[in-house]
Amino acid sequence: MRSLAELNLLELFPLRRILSSRRGLFVVYFSLAPRQVCAASRAFVLRSSSVMERRSSIGNRLLAALPPAEFDLLAPHLRKVSLERDVVLVRSGDLVEQIYFPCTALIAFVMDMPNGQAVATTMVGNEGAAGILSTLRSVRSPMTAVVRVAGVTWQISPARFHAALTRSHGLAGAVQLHMRSLLVQFQHIAACNALHSVEARLARWLLQIHDQIGNDTLPLTQETLSELLGVRRTTVTHMVHKLRASGAIRSNRRSSIEVDRPRLEVAACECYEIMRGRIDRIVSAEGMKPSGRGASAHGPPRSHARPWTNGDEVQAHARSAGAERPRSH
C-alpha cells in the first residue's frame, strides 16, 4: 500500500473492494483499472516535474526545500544579486546587514587569527545560507564572510526574514535545522583536519566545490585553497602537483583547477561522502518537514529525525578514518 499512498491514488480515484473468504477469513482486495493506474502515474510524474522545476528556478537548495507556504512568506522580499570574487560581505564583529542564500556563488566563513593568518572554517554554497544566525537575535558576526567564487545569490534583510520567522513554525524549524547542520559541519571539519592528510582534505574540498559549481573547471586561487586547508601556499602547490600526478587534476592554471572527478573521489577521505549525505538529507523536502509530535502553538516544532549525527559519532567516524589514512605533516 505504500506505493498507492505515494501516488495519492486514494484521493484521485475510487477503489473497488473485492471480498473473498478463505477458511472463514474475509480478505479485502483493492483493484484499479489500467487506465486509472496510467492516469495516476501521469499525475505523479507531472507533480514531480513541477517540484524539480521549482527547485531549479529558485537555485538555492535550502530555499527550494521549504514548503510552498513558508517560501511564499519570503519570496516578496528576496532579491537576486551578483557577487564578485573576494568581496567581503561582513567582517568579524560587525552587525549582519543581509542574509545570503547562494545559488552559484560560494561564501567562505573565515576566522582571523591573532598572528594575521586567515583560516576558512567552512564554505557555504547553494545548500545553505550566510548570516542566518542574525535572525535569532541581533548579534555581531563571529567570523568574516568572503565571496570565494563569484556568482548569483538571493539576499534578504534580517528584519524581513525575522518577520516571516515569527509567522511560520515551519520556517523556524528550518532555521534550527540549518544551524544544527552548520555546527556539526564545523565539528566534522575540525576532526578531518586533525586526522587526515592535506592531500585527502584538498581532494575533499575540491569535490564539495565541484558539487556546488557543477563545472570541471573550478575558479580557485592558491590563496583560497591555502585558506581552506590552513597551510602555506607552498604546501598547496606541492599537494596540487601530487594530485595532478595521480590524474585527479588535469591542469591547474593561476586561478583555476580542472579536475577529474572519478580519480578525485579515490584521493579524497571518506569525510566527503559522510558530509554530502548529511547535506542532502538536510536540504531535502522530507528533511524540512516538521515532526507532528513536536508541534506547538507557542514555538517551532521539535525535529525528532536525526539527519545529522552528534559530535561523538563524528569523532568516531574520524577515528576510524584516521586508522586507515596516516596523517601527513
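The coordinates are above.
Predicted, not measured: the structure shown is a model, and the values here were computed from it.

The rules behind the values
Each chain carries its own residue numbering, running from 1 in the written order of its sequence. The predicted nature of this model means local features are confined to residues of pLDDT at least 70 and side-chain atom pairs, given and counted, to a pLDDT of 80 or more, with totals for whole chains, interfaces and linings taken over all residues. Side-chain measures here rest on the full set of heavy atoms in the structure, leaving out hydrogens and waters. Interaxial angle, 0 to 180 degrees, is taken between N-to-C directions of lines fitted to C-alpha atoms, where a helix line uses only the stretch in contact. Runs of E in the DSSP output that reach at least two residues are strands. Runs of H or I that reach at least four are helices, and both are numbered from the N terminus. An angle below 35 degrees is treated as roughly parallel, one above 145 as roughly antiparallel, one from 65 to 115 as roughly perpendicular, and anything else as oblique. Crossing handedness follows the turn of the near helix against the far one: under a right angle anticlockwise gives a left-handed crossing, and clockwise gives a right-handed one. In what follows, a contact means two residues having at least one pair of non-hydrogen atoms within 4.5 Å. Under the convention adopted here, Pro, Cys and the residues Ala, Val, Leu, Ile, Met, Phe, Trp and Tyr are nonpolar, Asp, Glu, Lys and Arg are charged, and Gly plus all remaining residues are polar. Of the two site types, the cavity is a set of points on a 1 Å grid over the protein atoms alone where a 1.4 Å probe fits but cannot get out, and the pocket is an open set with protein on both sides within 12 Å along at least five of seven lines, each lined by residues with an atom within 4 Å of a point. Grid points are joined across faces, edges and corners, and a volume is the space filled by probe spheres set on the points. Any residue under 20% of the maximum accessible area for its type is buried, any over 50% is exposed, and the rest in between are partly exposed; the area is computed with a 1.4 Å probe on protein chains only. A pair of strands is labelled paired if DSSP reports no fewer than 2 bridges between them.

Draft legend 1. A look at the packing of helix 8 (residues 198–213) against helix 9 (residues 222–229). The interhelical angle for the contact between helix 8 and helix 9, taken along N-to-C directions, is 115°, at an axis separation of 10 Å. With respect to helix 9, the axis of helix 8 lies roughly perpendicular. Two packed elements cross with a definite hand, and for helix 8 against helix 9 that hand is right-handed. Packed against helix 8, whose contacting residues are Val-198, Arg-201, Leu-202, Trp-205, Leu-206 and Ile-209, the element helix 9 presents Leu-225, Leu-228 and Leu-229 at the interface. Its residues assigned to classes, the contact of helix 8 with helix 9 comprises 8 nonpolar, no polar and 1 charged.

Draft legend 2. Region of interest: the layout of surface pockets. A volume near 330 Å³ is recorded for the second largest pocket. Around the second largest pocket, the lining comprises 22 residues; the ones closest to its centre are Phe-109, Gly-131, Leu-133, Pro-142 and Met-143. Those elements giving two or more residues to the lining of the second largest pocket turn out to be strand 4 (88–90) and helix 7 (169–195). Among the elements that make up the lining of the second largest pocket, the one with the highest residue count is helix 7 (4 residues).

Draft legend 3. Quick peek at the side chain of Gln-185. Along the chain, the position of Gln-185 falls in helix 7. Judged by its relative accessible area of 6%, Gln-185 is buried.

Draft legend 4. Geometry of the sheet that holds strand 3 (residues 79–83). On the basis of which strands lie adjacent, the open sheet formed by 3 strands has the order 3-9-5 and antiparallel pairing. Each having just a single partner strand, strand 3 and strand 5 (99–102) make up the two edges of the open sheet. On average, adjacent strands in this sheet sit at an angle of 40° to one another, irrespective of strand direction. Pairing geometry for strand 3 and strand 9 (residues 151–156), over 5 bridges, is antiparallel. What sits directly across from Lys-80, in strand 9, is Trp-154.

Draft legend 5. Representation of the packing of helix 6 (residues 158–165) against helix 7 in the model. Relative to each other, helix 6 and helix 7 sit at 120°, their axes nearing to 8 Å. Relative to helix 7, the element helix 6 is oriented oblique. Across from Phe-161, Ala-164 and Leu-165 in helix 6, the residues of helix 7 making contact are Leu-171, Ala-172 and Val-175. Of the residues assigned to the contact of helix 6 with helix 7, the class counts are 6 nonpolar, no polar and no charged.

Draft legend 6. Representation of the sheet that holds strand 4. Pairing in this open sheet of 4 strands is antiparallel, and the strands run 4-8-6-7 from one edge to the other. In the strand order of this sheet, the two ends are held by strand 4 and strand 7 (118–124), each with one partner. Pairwise comparison of adjacent strand axes, ignoring direction, gives a mean angle of 35° for this sheet. Judged from the 6 bridges that link them, strand 6 (residues 106–112) and strand 7 form a sheet pairing that is antiparallel. Across the sheet, the residue bridging to Ile-107 is Val-124, located in strand 7. Those strands touched by helix 8 are strand 6, strand 7 and strand 8 (144–149), and its axis lies near 40° from that of strand 7. This element, helix 9, spans strand 6, strand 7 and strand 8 of the sheet and lies at about 90° to strand 7.

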